[in-house]
Amino acid sequence: MTDAREVRDKYTAAFNEHDIDALLRTVSPIGVTVTPEGLSQGTEELASYLEQFWEAFPDIRAVVMESFDVDDVTIDELVMVGTHKGPYVLPDGQVVTATGRPVSIRCCYVCTIENGLIMSLRLYFDQSEVRAQLGLPCE
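Please read all numbers here as calculations on a predicted model, not as lab measurements.

Take empty space enclosed by the protein next. Under the definition given, this model contains two cavities of 30 Å³ or more. There is about 100 Å³ of room inside the largest cavity. Lining the largest cavity we find 16 residues, and of these T35, Y49, M80, Y109 and L123 sit closest to its centre. When residues of the lining of the largest cavity are traced back to their parent elements, those giving at least two are α1 (3–17), β1 (27–35), α3 (43–56), β7 (102–114) and β8 (117–125). For the lining of the largest cavity, a count of residues per class yields 14 nonpolar, two polar and no charged. Here the second largest cavity defines a volume of roughly 30 Å³.

As a further point, take the pattern of salt bridges. This structure, assessed with the given rule, holds six salt bridges. In this structure, D76 and R5 form a salt bridge, with 2.9 Å as the shortest nitrogen-oxygen distance. Remark: R5 occurs in helix α1 and D76 occurs in strand β4 (residues 73–83); sequence separation between them is 71 residues. Accessibility classification places D76 together with R5 in one group, the buried group. With a shortest N-O distance of 3.0 Å, R106 and E129 are connected by a salt bridge. One end of the pair, R106, is in strand β7; the other, E129, is in helix α4 (residues 127–133), and 23 residues separate them in sequence. Given a relative accessible area of 54%, R106 falls into the exposed group. Take E129: its relative accessible area is 16%, and that puts it in the buried class. Each member of the salt-bridge network shares a partner with another, and the members are R5, R8, D9, D69 and D76.

This part takes up the sheet that holds β4. The strand order across the open sheet formed by six strands is β2-β1-β8-β7-β4-β3, and the pairing between neighbours is mixed. Either end of the sheet is taken by a strand with one partner, and the two such strands are β2 (38–41) and β3 (61–70). In this sheet, adjacent strand axes meet at a mean angle of 15 degrees when their direction is disregarded. Across the sheet, α1 touches β1, β3, β4, β7 and β8, and the angle it forms with β3 is around 170 degrees.

Another aspect to go through is the layout of surface pockets. In this approach a probe as big as a water molecule rolls over the atoms, and the regions it shows empty are the leftover space. In this structure, the largest pocket encloses a volume near 240 Å³. If you go around the largest pocket, you meet 14 residues; those closest to its centre are E37, Y49, Q52, F53 and V89. Taken together, the elements giving at least two residues each to the lining of the largest pocket come down to β2, α3 and β5 (88–89). Tallying contributions element by element places α3 first for the lining of the largest pocket, with six residues. Among the residues making up the lining of the largest pocket, the classes are represented as six nonpolar, five polar and three charged.

This part covers the state of the cysteines. According to the stated counting rule, one finds zero disulfides in the structure shown. We note that C107 lacks a disulfide partner, and the nearest cysteine sulfur, in C108, lies 8.7 Å from it. C107 sits in the buried class, given a relative accessible area of 5%. Considering cysteine sulfurs only, C108 is the nearest to C111, which forms no disulfide, with 9.3 Å between them. A relative accessible area of 0% means that C111 is categorised as buried.

The rules we used
Along every chain, residues carry numbers that run from 1 in the direction the sequence is written. Per-residue local features of the predicted model are confined to residues with pLDDT of at least 70, and side-chain atom pairs are confined, for both listing and counting, to 80 or more; whole-chain, interface and lining totals are unaffected and use all residues. The side-chain quantities take in all heavy atoms of the structure and omit both hydrogens and water. Grid spacing is 1 Å over the protein atoms alone, the probe is 1.4 Å, and a cavity is where that probe fits but cannot get out, while a pocket is an open set with protein on both sides within 12 Å along at least five of seven lines and lining residues have an atom within 4 Å of a point. Grid points are joined across faces, edges and corners, and a volume is the space filled by probe spheres set on the points. To qualify as a helix, a DSSP run of H or I must reach at least 4 residues; to qualify as a strand, a run of E must reach at least 2; elements of each kind are numbered from the N terminus. Classification convention: Asp, Glu, Lys, Arg as charged; Ala, Val, Leu, Ile, Met, Phe, Trp, Tyr, Cys, Pro as nonpolar; all other residues, Gly among them, as polar. The rule for a salt bridge is simple: a side-chain nitrogen of Lys or Arg has to be within 4 Å of a carboxyl oxygen of Asp or Glu. Classification of residues uses two cut-offs on accessible area relative to the type maximum, computed with a 1.4 Å probe and protein chains only: under 20% is buried, over 50% is exposed, and between them is partly exposed. Only when DSSP finds a minimum of two bridges between them are two strands counted as paired. Inter-axis angles, ranging from 0 to 180 degrees, are taken between N-to-C directions of lines fitted to C-alpha atoms, where helices are fitted over the stretch in contact. In this description, contact between two residues means that some pair of their heavy atoms is separated by no more than 4.5 Å. Sulfur atoms of two cysteines make up a disulfide when they are within 2.5 Å.

Here it is, written out as structure tokens:
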């Protein structure tokens, strides 16, 4: 296991436990996170994003299907599984109230690790797939 993989696995474990403090210990204070919902710069913005996401999906878990490492870059194919129980902000700013619907979101994370911390975390997923699972029209 590479050092980068160890850091990324700690991030995933903390994400699944919804342990923001443990998760943020894996991320550089100046790290950048890019998701379909937007850009987070630094740990404060990342914490805000994740707290909102966990409020929308309080039982969400990341199930890693495949992992690949190339030097200090980790790539994970995963499925996020949970239930929509709180407000969820879509990339266009629309807030979707709780639907009670289960979600199974296929995702890909690409992370760059430097000096034992995540410097860049990019999350990709099909926004239309999420909308359909929440019962929203796909635009």
